[in-house]
Each structure stands twice: as C-alpha cells, then as structure tokens.
Number of protein chains: 2
Amino acid sequence: MRLLTAVDQLFLLLESRKQPMHVGGLFIFELPEDAQSADCNFVYQLVQQMQTSKVPPSFPFNQVLEHLLFWKKDEDFIVEHHFRHVALPKPARVRELLMYISKEHSRLLDRAMPLWECHVIEGICPETENGPERFALYFKIHHSLVDGIAAMRLIQKSLSQSPTEPMTLPVWSLMARHRNQVDALIPAGRSAIRIIKEQLSTIKPVFTELIDNIKHRGDEDYVGTFDAPMSVLNQRISASRRIAAQSYEMQRFRNVADVLEVNMNDVLLAVCSGAMRRYLLTMNALPTKPLIAFVPMSLRSDNSASGNQISFLLANLGTHLEDPIRRLQLIHCSMNSGKRRFRRMNQAQVINYSAIAYAWEGLNVLTGLFPKKQAFNLIISNVPGVKKPLYWNGALLKALYPASIIIDGQAMNITYTTYLDKIEFCITACSKLLPHVQDMLALIEDELCLLENISEEKRLGLRE
Amino acid sequence: MRLLTAVDQLFLLLESRKQPMHVGGLFIFELPEDAQSADCNFVYQLVQQMQTSKVPPSFPFNQVLEHLLFWKKDEDFIVEHHFRHVALPKPARVRELLMYISKEHSRLLDRAMPLWECHVIEGICPETENGPERFALYFKIHHSLVDGIAAMRLIQKSLSQSPTEPMTLPVWSLMARHRNQVDALIPAGRSAIRIIKEQLSTIKPVFTELIDNIKHRGDEDYVGTFDAPMSVLNQRISASRRIAAQSYEMQRFRNVADVLEVNMNDVLLAVCSGAMRRYLLTMNALPTKPLIAFVPMSLRSDNSASGNQISFLLANLGTHLEDPIRRLQLIHCSMNSGKRRFRRMNQAQVINYSAIAYAWEGLNVLTGLFPKKQAFNLIISNVPGVKKPLYWNGALLKALYPASIIIDGQAMNITYTTYLDKIEFCITACSKLLPHVQDMLALIEDELCLLENISEEKRLGLRE
C-alpha cells in the first residue's frame, strides 16, 4: 500500500464525467508475412494468449485505488475488465479506427479496478494495395498512475526490437523485465510523505514563475506578446473526444528547417500554427491576437529513462500573421529566447510539470495569483520517440500516436512523437466545441507543402 | 423548450460515474436471404443510409439538456456523436456480442448532446450451421428522456411488420410516424408546472405505502416475510456492467404453469429465484432469509400504448427453500395476494413508479421514514412484448433484450420480455460485485428443466 502523491490526488480531483484524466497510446501493426493468408488467425492467437495468461499484471498495472487515499495491489484482477477485442467493419481505414479510438478515449475508467484498458482492434485495411492487413493496440492509462510520456515509453519497452522474438505474455505483465525503468519513472520506493512534501513545495514556485513570465511584457520586439487571447479553444468542454492522427515524413520538416535556418521543432510548431490559423478561419473564430502554446521541452541528452530533465516555455504561435515565413520566424525567436524558458527543474518539479499544464485553472483558483487570465491557448507537446523498428510477436509496428488529455478551458491538445523516419501527430479535441477537427491533418499537410515550396524557392535562389 | 420534470431531475441527480441512468435495448437480426452472399454489404448499406440521412431526429431524440433545467431542441445535431458501427472479430458468438454490450452499457452518455446512442454491430455468427449471419442493434437512451418500457416500445414501433418494407430512414428519425404514441408515453404537451406538482405530490404517498407494506407483518402464513435480508446484491456497485441475455421457449414455462396450476409469471419468478439461489450458493453468499423482489406489474388489458396502468408488488422469492415446488408455491401465494399488491396508480404515479424503484435510497434519505431498511433485494420486471415478427429493411428480428439500470444497493436487475414464442431474459449486473453473472443463464435453464421434470412426473401421476 502506498499513499497517493499530491499529484495523483490532483489528477483524480480534476477528473469529471466531462474531463477524464487518462492518456492513450495508439499503436498500428502490420500482420507478419507468414500470417497474411485468410485462414491465419494471428490476432486471434495473440488475443487468446493475452486473455488466458496466468501471469499476474506487473507494477503499475496491478495498482488499484483504496478510498482515494492509497494505491494497493489488486487481488481481484480479472483480465476481461481491462481488455477488449473488436474488429472494424469493412472498409476499415485509419479514419474508422480513429473514430473507434475517439469514442473509447471519451470514456471514464472504472475506479474500482486498476486504471487502465487495453484494446486490440483488427480488420484494418492494408496501407497500400496488396500490402498486409493491419491491426491496432490502443492502451489507455490514468494520469494518476503514470504520466503520458512514461505511458508511451512503457508500451514501447514492452515491444521487441526483434522481428522473430515470440511474445507470449500480455503487455501488462511484460513490464517486469523493465522494472528498473519503471522505478525511475515512478518513484515508488521513496517515502510517501517526502514525495508529497516535495511536490506541494514545488507546485507553487513553478506556478508563480509561470505567472511572472506571462506578466512580464518587456520584450515585445521579438515575441510580440504572451497575453493569450480568448478563443474557441478556451471554453467549457463536452464529454466527447475526437482523436485525429497522421504520420508525416520527418525529412520534409528537416529539409525546411535546414534551408530556412531554424530548428525542426520550430517548423513543427509553425505547421501546427498555420493549420490552426486556417482551421479557426473556417470557423470564423481566429482571434486578432496570436495564440500562445504551452510547450514542454525535454532536456534529456542521452536516452536513459532516469534523470529526466524537462523544461517548458510559452511559445507565441503568431497565428495573427498571414505570411508563413514571418510566422515561422516569430516562433523561432519565441522558442530560442532563453529569457522565456523556464530553468531546469528538479525531480519533483518534473513530476509536477503536467500538473501545472493541466491544472492551470485549479491552481489559479487555489493561489488567487492571476484569476482572470488565460495563461495559454493550448498545449503542444513532444513525446520522446523511437528510432528502431519495434515488433509485437513478429508484427511490425507501423505507427504510434499519443492521445492526450483536454480540460475545461483547453479544448485541444497536439502531441507529436517520432518513430523511425516519421513524425507522428496526434490531436485530442472536444468534438462538440471543435467539429471536424480531423480537418487539421490536411491543413498540416497544406502548411508543410507551403513551407517546402518556399524553402525550395529559397534554395534555388528565387527568394531572399 | 420544456422544463425538466421532477422525475427527469431525479434521474439526472441519481446519475454518477458509477451509476449511469440509461436503459438499453439489444436487437439481434438475421441477414435477409438475398443478402447472404459474401459480396453483399447489407449492413454497410443500412449504416450508410443512417449516417448520410438528412432527415433530422424526431422527438424525443432531438432533445438536449440546457443547464440541467430545460429540454430544448438540439440545433447542432451531428449523427456521428450518436452512432457507432463496429464488427466483432471471428468467431463472434452472442457471448462476444454481450461482452461488447456490457462495456457500452457501462459508459455514461454525454450530457452536451441528446442522451442516446445507436450501435450497429455486424459479423455475428449464424445461429445454426449454414444459417444466415447475424447483426445487432444496440440502442441506449437516458431514463430522464424516456423510461425503459417506452424505450423498448419506441424501437419496436420503428421496425416493420413486413419483410418487404424498405426502411431508408434512421431509427431516430422514424419515430415521427408514431408521434401519437410518443405523446402518450411522454406527456410533453401538459403544463410543466402541473406535471412537476403532480409528480412531487405522488412520490411521497406511493413511497409511504411501500414502506407501510414492508412494515406490515401480519400475514406470515402465506408469504413468510417481507423483511429483505442484506445480501451481496445490496452493496455499493462499481462502474462496470455485465449484461447476460438468453431466449427460452415460452411454451416450456406455460407447460409447467399449466400442470402445476400457477401463473406463467410465477414460473418465471421461480426459475429466477432458483437460479439466484444456486448462484449465491456458489459464492457462499446465500442469505438465510428469503430474497425479496420488487416486481412492477402491467395491468394493461389491451395493447394500446396510452392509458397504461402499472402496479407493483413485493414478491417473496423463497430463496431459503431448497425444494423447487415449495419455492414455486410460496411465490405463487406471494404474487396472488391482493393484500400485498399496490392499488392501481394514476398517470403521474405510473411515471413515478420507476423513480420509486430506482431512487429507494434517495427517497429514504429525503423522507427519513425508514432509514436503515433494505426495501427489496432486486427488481425483476416484465416489459410488454411483441407477438408478431418484426423486420428492419427485410432483416428478421430474431431476439430482443432489455438492458436496465442498477444502482448502489441494487447490484442486479432481471428484466424479461416476450417475442414471438420466446421469453427474452436480460440480466444487468455489476461485474465487480457479481462475477460471472452470465452463469445465471445456465442456472435458469437448469431450474426450468427441474420444474419441467417435476411437472412431467405430476402429469404422469408419479407425483402428488
């Protein structure tokens, strides 16, 4: 039995029927070559292995809430409470898969059981004609159990780097072999009181610094303003989610960044910003002042899971500017400025950054420091990616998308990650406030093409 | 805009993440003969028609909550918020279908939209080898919008009695042609204040009468006791549901009733009681005192939807008795006694009977009349059935099951109805408190066989 930390509590308190506080990872696989005949029931076998496994779930998948005060080991674990196996009716494209994920991501987890769910979805059509059929894994886990970055990493680590390694254990039991990493991500061994003390002591200073940063308006020359406008993104949300996701070639972003002499991350933000501008224009809802994004930044230099260092900054997205180059330059300046970047955070602050990101309104009320202010319009975050191909019992992972949390006042979240040579975008939005948010994906493509054309012109000397 | 009635309010207030207050109807269809080739996409066509229909939803499917005070017409109706189309992976038996329904029945509706959902589930295997493949419609609607009996009837009325009538409108737009019946079920035209006054004025007397009935212990000779024991059914529930459903030949119940000289409804209750007794024995949780069921009784003599008359009574299920005949006789006495039957209720009381059934604890607290008492252990209700075969665009309806509501303190509900020559049982239960509740279906079959054997012996004169 472990005491809930202050942040665990916060995520449970913030949760409501309109505002589930879980994250989700969507993983799309291709059937292995030897499993592509109509008779082969590869997914059925996989599911059978998972459903009939006698190996108990490992930490943290075995933890259940006790009176909203403690985590304890669930002694009544029944796999069918956590597992779903469905198929999509033909013709099932990724679009239909995302509709399924949208509905499932809208749904609250049952607090009487460990707070996670695993879905296996089969019958997704091949990516290319005559290609192998696909299936998907959607894994959903509560933010009080593990944060989004850790969740994506847990699943990734449960996959194999070998196309021939058989994996007969369910995902939730596999983690044991990575116990060290899990411990590093979730400081379970430390004294509960010390953790709570540390966390409470760090939320307020970080929050104050964030407010201080917003209030400070000295450097309008290079970033314009951090005075986030009211927008359609910043209203009360409904309980319904829409998940939109797509992969884009990473090299395309890199090429633009190289030619235009900015960072790839600037190009990513600029593309999001341009798409957002167009999307809001179609809704006739573009604020005259630029949108401000809250951007968590990983400062990790190596690939180890422990010793994470995360910083975050407020980025002026320049959505008021029509010219894509001026917008990109503004974002570049905004991102590069050390002045606007928060100092490196210690361990407890790292754990709390997401609490600050999601609990803005709650903390605002709590501290009374900045009551009427919109701190930022949306969170755009970058989850550490994977460079090597991953396999599940021989099935190649083709794409992975991180679905996130939205809250009242923050109706859209954009999270991206990388896998192999792709950037994997995932947009989580309130489907009532932001209808057809999947249109953002085509708009991202349009913006990227625009920047590619401009950089091509520049490379050929046709443009300054 | 219509003011919410007191009962609408009650159902919204009683709802929590653990306790959704919607009912659901599961309808299983067989593909029509001319749609059974592998190339034919009958269900796909049906779904396309539903998704692309421009006909707006009709009353009450177009009603959305406004500040939890009013119903108003939803001007932003988007069909994809209410509609799901999934398939089940092979081999998909009714068991797998019920797992899907269980998960979906556990899920809260989004209050930002009209409170209903329609699921079309395809890929269910044939009932018999070489038979036609099946598909299902699961329709879920909030009890504040329409009660369970009315919901089942609305869907039934949207189906056709003709195997050749094409039905190109979605279910939720079809109701218009039955507007008269809807009006009769939902008194929308009457003054809101009058309705609220009437309803409030009737809840307390009916409740008092119910309590009075439980308190009264004069007639122990024929029903034993109405002092409902504490049981595993009467604990706090989790958010997870299990729906178990099966059809049984009606004639089997009728034969037993005829030979043993009781009503068919007594046999139905006796079979439930016996199954419950065995189920609780396997959990080592059978109370020494008999379980008491709350049994709503329709007093309608004709088939019209208007002029409903509903009564309800408390039935002693005799679960303490091992002998099935003694149990059946006790139930028969208990059901037959006019003394324990509530008097016919007026219109407002009819609307409120379900409020009383579900809001026992709430009303208990509200009135303070009977604070520590378990009124009854479970609700066993009988939804009016259908005698003629129904079709959906030519597809024959094979079975229909009414999924119900459970609440804290009432972890199981049994609802049955009739269709053609079948009794359609549907059990709704908390899957955490009552694991493997689907075992009840086989136990019902066992109990029915037992009574059949006994009545066969009696018929042959081998038994008194």
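All chains use their own residue numbering, which begins from 1 and follows the written sequence. Ligands are numbered from 1 and chains lettered from A, in the order in which they are written. Per-residue local features are limited, in this predicted model, to residues with pLDDT of at least 70; the limit for side-chain atom pairs, both in listing and counting, is 80 or more; totals at the level of whole chains, interfaces and linings are taken over all residues. Heavy atoms throughout the structure, all of them, feed into the side-chain values; hydrogens and water do not.

- Going by what an unreviewed UniProt entry lists, chain A is known as diacylglycerol O-acyltransferase and is assigned to Psychrobacter frigidicola.
- Its UniProt record gives chain A a comment under Catalytic activity (unreviewed entry), which states: "an acyl-CoA + a 1,2-diacyl-sn-glycerol = a triacyl-sn-glycerol + CoA". UniProt positions are given in the numbering used here, feature names are shortened, and annotations may be inferred rather than shown by experiment.

## Here we look at the overall build of chain A
- Helix and strand content of chain A: 14 helices and 15 strands.
- Counting over 464 residues, chain A shows a buried share of 61%.
- Whether two residues are in contact is decided by their heavy atoms, any of which lying within 4.5 Å being enough. In chain A, 78% of the contacts between residues at least 6 apart in sequence involve partners at least 24 apart.
- Accessible area of chain A: about 18500 Å², with a carbon and sulfur share of 51%. Secondary structure elements follow DSSP: runs of H or I of four or more residues count as helices, runs of E of two or more count as strands, with numbering from the N terminus. To sort residues, take the accessible area from a 1.4 Å probe on protein chains only and compare it with the maximum for the residue type: under 20% means buried, over 50% means exposed, and anything in between is partly exposed. We get accessible surface area from the Shrake-Rupley algorithm with a probe of 1.4 Å; when it comes to residues, only the shown protein chains can shield them.

## Describing the interface of chain B and chain A
- Each partner contributes residues to the interface: chain B has 37 residues there, and chain A has 37 residues.
- The buried area of a pairing is the accessible area, by a 1.4 Å probe, that goes missing from both parts when the two are put together, added over both. Buried surface at the junction of chain B and chain A, summed over both partners, amounts to about 3000 Å²; 50% is from carbon and sulfur atoms.
- For the chain B face of the interface with chain A, the top three residues by lost area are B:Arg17, B:Lys103 and B:Lys432, together amounting to 22%.
- One side-chain nitrogen of Lys or Arg within 4 Å of one carboxyl oxygen of Asp or Glu is enough to make a salt bridge. Taken together, the connections running from chain B to chain A amount to 11 salt bridges.
- Between A:Asp76 and B:Lys432 there is a salt bridge whose closest N-O contact spans 3.7 Å.
- For this analysis, a polar contact is any N or O atom pair within 3.5 Å, provided that within protein one partner can donate a hydrogen and the other can accept it, and provided that sequence-adjacent residues contribute only side-chain to side-chain pairs. Linking chain B to chain A there are 25 residue pairs in polar contact (both at pLDDT 80 or more).
- Taken together, the elements giving at least two residues each to the side of chain B that touches chain A come down to β5 (83–87) and α3 (94–105) of chain B.
- Top contributing element to the side of chain B that touches chain A by residue count: β5(B), with 5 residues.
- The classification used treats Ala, Val, Leu, Ile, Met, Phe, Trp, Tyr, Cys and Pro as nonpolar, Asp, Glu, Lys and Arg as charged, and all other residues, Gly among them, as polar. Across the side of chain B that touches chain A, the residue classes break down as 15 nonpolar, 7 polar and 15 charged.

## Regarding the pairing of strand β3 (residues 63–66) of chain B
Residue and element names in this part refer to chain B.
- Where β3 and strand β4 (residues 70–73) come together, 4 bridges link them in antiparallel fashion. Among the inter-strand pairings, Gln63 is bridged to a residue of β4, identified as Lys73.
- Pairing between strands requires that DSSP locate at least two bridges from one strand to the other. Taken together, β3 and the strand that follows it, β4, pair antiparallel across an intervening segment of 3 residues, in which His67 is found at a positive phi of about 55°.

## Here we look at the sheet that holds β4(B)
- On the basis of which strands lie adjacent, the open sheet formed by 3 strands has the order β1-β4-β3 (chain B) and antiparallel pairing. Each of the sheet's edge strands pairs with one partner strand only, and the pair in question is β1 (2–3) and β3 of chain B.

## Quick notes on the relation of the copies chain B and chain A
- Copies overlap after least-squares fitting; the atoms used are the C-alpha atoms of residues with pLDDT of at least 70 in both. Overlay of chain B on chain A (RMSD 0.0 Å): rotation 180°, translation along the axis 0.0 Å. Both chain copies can therefore be described as sitting about a two-fold axis. No C-alpha of chain B approaches the rotation axis more nearly than that of B:Ala87, which lies at 2.4 Å.
- In this assembly, 97% of the residues forming the interface of chain B have copies in chain A that are likewise at the interface, indicating an isologous arrangement.

## What about the sheet that holds strand β3 (residues 63–66) of chain A?
All names here are of chain A.
- Read across the open sheet, the 3 strands follow the order β1-β4-β3; overall the sheet is antiparallel. In the strand order of this sheet, the two ends are held by β1 (2–3) and β3, each with one partner.
- Pairing geometry for β1 and strand β4 (residues 70–73), over 2 bridges, is antiparallel. Paired with Arg2 across the two strands is Trp71, which belongs to β4.

## Here's the deal with the environment of A:Thr52
- Of note, A:Thr52 is situated in helix α2 (residues 42–52).
- Once the C-alpha coordinates of A:Thr52 and A:His81 are considered, the two residues, 29 residues apart in sequence, prove to be 13 Å apart.

## Some words on the environment of A:Leu451
All names here are of chain A.
- Mapped onto the secondary structure, Leu451 falls in helix α14 (residues 439–459).
- Using a relative accessible area of 1% as the deciding quantity, one classes Leu451 as buried.
- Leu451 sits 127 residues away from Pro324 along the chain, and the two C-alpha atoms are 7.2 Å apart.
- Other than its neighbours up to four places away in sequence, Leu451 contacts Val256, Val267, Ala270, Val271, Pro324, Ile325 and Leu328.

## Description of the environment of B:Leu443
Residue and element names in this part refer to chain B.
- Assignment of secondary structure puts Leu443 in helix α14 (residues 439–459).
- Given a relative accessible area of 15%, Leu443 falls into the buried group.
- Spatially, the C-alpha atoms of Leu443 and Met276 are 8.0 Å apart, while their sequence positions differ by 167 residues.
- When neighbours within four sequence positions are excluded, Leu443 is seen to be in contact with Ala275, Arg278 and Tyr279.

## What to know about the side chain of A:Thr428
Residues and elements named next belong to chain A.
- Within the secondary structure, Thr428 is located in strand β15 (residues 422–430).
- In terms of polar contacts, Thr428 uses its side chain to reach the backbone amide nitrogen of Ser404, at 2.9 Å.
- Contacts of Thr428, omitting those with residues within four sequence positions, involve His105, Arg241, Arg242, Ile243, Ala403, Ser404, Ile406, Ala411, Met412 and Asn413.

## Concerning helix α11 (residues 324–336) of chain B
All names here are of chain B.
- Between its first and last C-alpha atoms α11 spans 18 Å; for 13 residues at 1.5 Å apiece the expected length is 18 Å, and the two agree.
- If you check which residues of α11 are buried, you get Pro324, Ile325, Arg327, Leu328, Leu330, Ile331, His332, Ser334 and Met335.
- At the N-terminal end of α11, a side-chain oxygen is found 2.9 Å from the backbone nitrogen of Ile325, two or three residues along, and the residue is Asp323. Given a helix with a known number of residues, its expected span is that number minus one, times 1.5 Å.

## Concerning the pattern of salt bridges
- Summed over the entire model, instances satisfying the criterion amount to 49 salt bridges over all chains.
- For the salt bridge of A:Glu445 with A:Arg252, the shortest nitrogen-to-oxygen distance reads 3.0 Å. Of this pair, A:Glu445 sits in helix α14 while A:Arg252 is found in helix α9 (residues 250–260), placing the two residues 193 residues apart along the sequence.
- On the basis of relative accessible area, A:Arg252 is assigned to the buried category, the value being 18%.
- Across the pair B:Asp74 and A:Lys432 runs a salt bridge whose closest N-O atoms are separated by 4.0 Å. With one member in each of two chains, B:Asp74 in the loop between β4 and β5 and A:Lys432 in the loop between β15 and α14 form a pair that bridges those chains.
- Through salt bridges that share partners, A:Arg84, A:Glu104, A:Arg107, A:Glu117, A:Lys140, B:Arg84, B:Glu104, B:Arg107, B:Glu117 and B:Lys140 make up one connected network.

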